[in-house]
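Read off the chains here:
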Amino acid sequence: MAATELKSAAILDLLKAFLETEEGLQVRKKVNLVYQFNIAPKKIGYDEVIFTIDLKTGQVTKGPYEGGKPDAVFSLKDEDFMKLATGKMNPQIAFMRGALKIKGSLSAAQKFTPDIFPKPSKL
């Protein structure tokens with residue numbers, strides 16, 4: 001199957017640049033955790049593209065985390081990732097509805113909030 005271009009890839013590129021700014025450094029110091037995202041084009045569990053957001057080092061990479069286990073792993077659809085990143089979907093409600101699946105530490109997962117992403121004016 002041909003690789004599908006995810007809309008979320010563009011947001012993750014912006015996040016990578018944001019984490020190098022002064023505001024991004026503050027976010028990294030505050031959270032200091034590693035997250036893995038399994039982003040599916042249409043349905044969770046199928047054709048997922050894996051991204052790692054390392055808020056310890058400020059790295060955003062495509063592929064699974066290679067430094068051990070991530071603090072939390074999120075599985076969701078591309079369109080839901082876009083809604084979370086832009087603040088149009090509450091992560092807790094997405095989890096309760098089954099639109100967001102979490103493995104690993106729930107307390108670490110709760111620290112991953114939409115404020116980690118640059119504000120829409122910077123997107």
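The protein chain appears in an unreviewed UniProt entry as SCP2 domain-containing protein from Linum tenue.

1. Some points on the UniProt feature "domain: SCP2" (unreviewed entry) in the protein chain
Per the UniProt annotation, the sites labelled "domain: SCP2" (unreviewed entry) are residues 18-113. End-to-end, the C-alpha atoms of residues 18-113 are 15 Å apart, and along that stretch the chain is 32% helix and 29% strand.

2. Observations concerning the packing of aromatic side chains
Per the stated rule, a full pass over the model turns up eight aromatic pairs. Ring centres of phenylalanine 37 and phenylalanine 74 lie 4.9 Å apart, and the angle between their planes is 25 degrees; this geometry places the pair in the stacked category. Residue phenylalanine 37 is located in strand E1 (residues 34-40), and its partner phenylalanine 74 is located in strand E4 (residues 72-77); the two are separated by 37 residues in the primary sequence. Overall, the relative accessible area of 4% leaves phenylalanine 74 in the buried class. Counting every residue linked through ring pairs, the aromatic cluster contains Tyr35, Phe37, Phe74, Phe81, Phe112 and Phe117.

3. Some words on the side chain of aspartate 80
Relative to the elements of secondary structure, aspartate 80 occurs in helix H3 (residues 78-85). For the buried aspartate 80, no salt bridge exists, and the shortest N-O distance to an oppositely charged side chain is 4.1 Å, to lysine 83. With near-sequence residues (within four places) excluded, aspartate 80 lies in contact with Met89 and Ala99.

4. Some words on the sheet that holds strand E2 (residues 49-54)
Spatially, E3-E2-E1-E4-E5 is the arrangement adopted by the five strands of the open sheet, whose pairing is mixed. The open sheet has two edge strands, strand E3 (59-62) and strand E5 (100-104), and neither has a second partner. The mean inter-strand angle of the sheet, taken between neighbouring strand axes irrespective of direction, is 20 degrees. Pairing of E2 with E3 involves four bridges; the strand directions are antiparallel. Looking at E3, one finds that isoleucine 53 is bridged to valine 60. Helix-sheet contacts for helix H1 (residues 8-18) involve E1, E2 and E3, and the interaxial angle to E2 is about 20 degrees. Relative to E4, H3 is tilted by about 115 degrees, and along the sheet it contacts E1, E4 and E5.

Calculation criteria
- Counting restarts for each chain: residues are numbered from 1 in the order of the written sequence.
- Two thresholds apply to this predicted model, a pLDDT of at least 70 for residue-level local features and 80 or more for giving and counting side-chain atom pairs, whereas whole-chain, interface and lining totals are computed over all residues.
- Side-chain numbers here rest on the full set of heavy atoms in the structure, without hydrogens or water.
- UniProt positions are given in the numbering used here, feature names are shortened, and annotations may be inferred rather than shown by experiment.
- Strands here are runs of E lasting at least two residues and helices are runs of H or I lasting at least four, both read from the DSSP assignment and numbered beginning at the N terminus.
- Centres within 6.5 Å are what make two rings of Phe, Tyr or Trp a pair, Trp counting through its six-membered ring; a difference in plane orientation under 30 degrees is then read as stacked, over 60 as edge-to-face, and the rest as tilted.
- A 1.4 Å probe rolled over the protein chains alone gives each residue an accessible area, and that area as a share of the maximum for its type sets the label: buried under 20%, exposed over 50%, partly exposed in between.
- In this tally, Asp and Glu contribute negative charge and Lys and Arg positive charge; neither His nor the terminal groups of the chain are included.
- Note on definitions: salt bridges are taken to be side-chain nitrogens of Lys or Arg within 4 Å of carboxyl oxygens of Asp or Glu.
- For this analysis, residues touch if any pair of their heavy atoms sits within 4.5 Å.
- Pairing between strands is defined by DSSP: at least two bridges between them are needed.
- In this analysis an axis means a line fitted to C-alpha atoms, helices contributing only their contacting stretch, and an angle means the value between N-to-C directions, from 0 to 180 degrees.

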